[in-house]
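Residue-level structure breakdown
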Amino acid sequence: MTPTRLGALVAAFVLISDQITKYWALDVLEWGRAGRIFVTAWFDLVLVWNRGISYGLFQQESDFGRWALVAIAIAAAIGCSIWLKSADNRVLAVGLGLIVGGAIGNGIDRAIHGAVIDFVSLHYAGYYWYVFNIADAAIVAAVAALVYDSFRPRRNVAENEE
């Protein structure tokens, strides 16, 4: 399988799983009875509407802000898709696919609902991580993959042609 195809499959998997879990969080769980659903000692489900970017920064209450963030998500997905076409290894392709799927998933939320649907809450010893979703987790994993890929040694194409 080519890196481009692998990245596209990863993007599709992230997008589909993100949207299915958000549908489940909105339409299946009964948030009204319990604002927080306790799953384990370190994992809860809690519905949060994120009108900002990562970690809830730069909250946007206006339509302009909402659509600006949708446009940024679209631009990120397009840019990473173009980059994916020239990906020469699987780590890079997976990282780019994770970003594409995550950006589209969160962009869909903003376009339809005006905010991103977050619902996974991890915590330990009174410390709470930000509430997130599959698209967010994919984007964080993508950053790790891209950083890792940037430090990998590259083969010199000119050396291999001799």
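Description of the structure in this document. Just so it is clear, the model here is predicted, and its values are computed rather than measured. (Residues numbered from 1 in each chain as written. Predicted model: local features only at pLDDT ≥ 70, side-chain atom pairs only at ≥ 80, totals over all residues. Heavy atoms only, no water.)

1. A short note on helix α4 (residues 134-151)
Here is the rule we go by: Helix and strand definitions here come from DSSP, where helices need a minimum of 4 consecutive H or I residues and strands a minimum of 2 consecutive E residues; each element is numbered from the N-terminal end. Working rule for helices: expected span equals 1.5 Å times residues minus one. The buried label applies to any residue whose accessible area, calculated with a 1.4 Å probe on protein chains only, is under 20% of its type's maximum; exposed applies above 50%, and partly exposed to all values in between. Here, two residues are considered to be in contact whenever any of their heavy atoms come within 4.5 Å of each other.
A rise of 1.5 Å per residue sets the reference length of α4, with its 18 residues, at 26 Å; its end C-alpha atoms lie 26 Å apart and thus fit the reference within 8%. Listing the buried residues of α4 in full gives Ala135, Asp136, Ala138, Ala142, Ala145, Leu146 and Asp149. On its buried face, α4 is in contact with α1 (3-27), α2 (63-85), α3 (90-113) and β3 (116-124).

2. A word on the side chain of lysine 22
For the record, the criterion: Polar contacts, as counted here, are pairs of nitrogen or oxygen atoms within 3.5 Å of one another; within protein the pair requires one atom able to donate a hydrogen and one able to accept it, and residues that are adjacent in sequence qualify only if both atoms are side-chain atoms.
Tracing the chain through its elements places lysine 22 in helix α1. Owing to a relative accessible area of 2%, lysine 22 belongs among the buried residues under this scheme. Of the polar contacts made by the side chain of lysine 22, one reaches the side chain of asparagine 106; its length is 2.9 Å. Within the local environment of lysine 22, its side chain forms a polar contact with the side chain of aspartate 109, the two groups lying 2.6 Å apart. Dropping the residues within four chain positions of it, lysine 22 is found in contact with Gly105, Asn106, Asp109, Val116, Ile117, Phe119, Asn133 and Ala135.

3. Observations regarding the sheet that holds β3
Formally: Strands are labelled as partners when DSSP assigns at least two bridges between them. Axes here refer to lines fitted to C-alpha atoms; in helices the fit is confined to the stretch in contact. Angles between the N-to-C directions go from 0 to 180 degrees.
In spatial order, the strands read β1-β2-β3-β4; together these 4 strands make up an open sheet with antiparallel pairing. Edge positions in the open sheet fall to β1 (36-38) and β4 (127-128), since each of these has one partner strand only. Of the pairings in the sheet, the one linking β1 to strand β2 (residues 43-50) comprises 3 bridges and is antiparallel in character. Following the sheet pairing, phenylalanine 38 is matched in β2 by aspartate 44. Docked against the sheet, α3 engages β2 and β3, running at close to 125° with respect to β3.

4. Some words on the packing of α2 against α3
Keep this limit in mind: Should an angle fall under 35 degrees it is taken as roughly parallel, and over 145 as roughly antiparallel, whereas 65 to 115 is taken as roughly perpendicular and any remaining angle as oblique. By convention, the crossing between two helices is left-handed when the near helix turns anticlockwise from the far helix through less than a right angle, and right-handed when the turn is clockwise. Amino acids outside the nonpolar list (Ala, Val, Leu, Ile, Met, Phe, Trp, Tyr, Cys, Pro) and the charged list (Asp, Glu, Lys, Arg) are all regarded as polar, and Gly is one of them.
Across the interface, α2 lies against α3 with an axial gap of 8 Å and an inter-helix angle of 155°. Of the possible angle classes, the one that applies to α2 and α3 is roughly antiparallel. α2 and α3 meet at a crossing whose hand is left-handed. For the pair α2 and α3, the contacting residues are Arg66, Trp67, Leu69, Val70, Ala73, Ala76, Ala77, Cys80, Ser81, Trp83 and Leu84 in the first and Leu92, Ala93, Leu96, Ile99, Val100, Ala103, Ile104, Gly107, Arg110, Ala111, Ile112 and His113 in the second. Class assignment of the residues belonging to the contact of α2 with α3 gives a composition of 18 nonpolar, 3 polar and 2 charged.

5. As for the pattern of salt bridges
Short version of the rule: A carboxyl oxygen of Asp or Glu within 4 Å of a side-chain nitrogen of Lys or Arg is what we treat as a salt bridge.
One pass over the full model with this rule turns up 4 salt bridges. Here lysine 22 ties to aspartate 109 by a salt bridge, and the two come within 2.6 Å at their closest N and O atoms. In this pair, lysine 22 sits in helix α1 while aspartate 109 sits in helix α3, placing the two residues 87 residues apart along the sequence. As far as burial versus exposure is concerned, lysine 22 and aspartate 109 are alike and both buried. In this structure, the salt-bridge partner of aspartate 149 is arginine 152, at a minimum N-O distance of 3.6 Å. Judged by its relative accessible area of 4%, aspartate 149 falls in the buried class. Within this structure, Asp18, Lys22 and Asp109 form a network of salt bridges that share partners.

6. Details of the packing of α1 against α4
Following both chains from N to C, one finds α1 and α4 inclined at 145°, their axes separated by 8 Å at the closest point. For the pair α1 and α4, contact is made by Val14, Ser17, Asp18, Thr21 and Lys22 and by Ile134, Ala135 and Ala138, respectively. Along the lines of polarity and charge, the residues of the contact of α1 with α4 split into 4 nonpolar, 2 polar and 2 charged.

7. Let's talk about the environment of arginine 110
Considering the arrangement of structural elements, one finds arginine 110 in helix α3. Classification of arginine 110 by relative accessible area gives buried; the value is 8%. Along the primary structure arginine 110 and glycine 52 are separated by 58 residues, whereas in three dimensions their C-alpha atoms are 9.8 Å apart.

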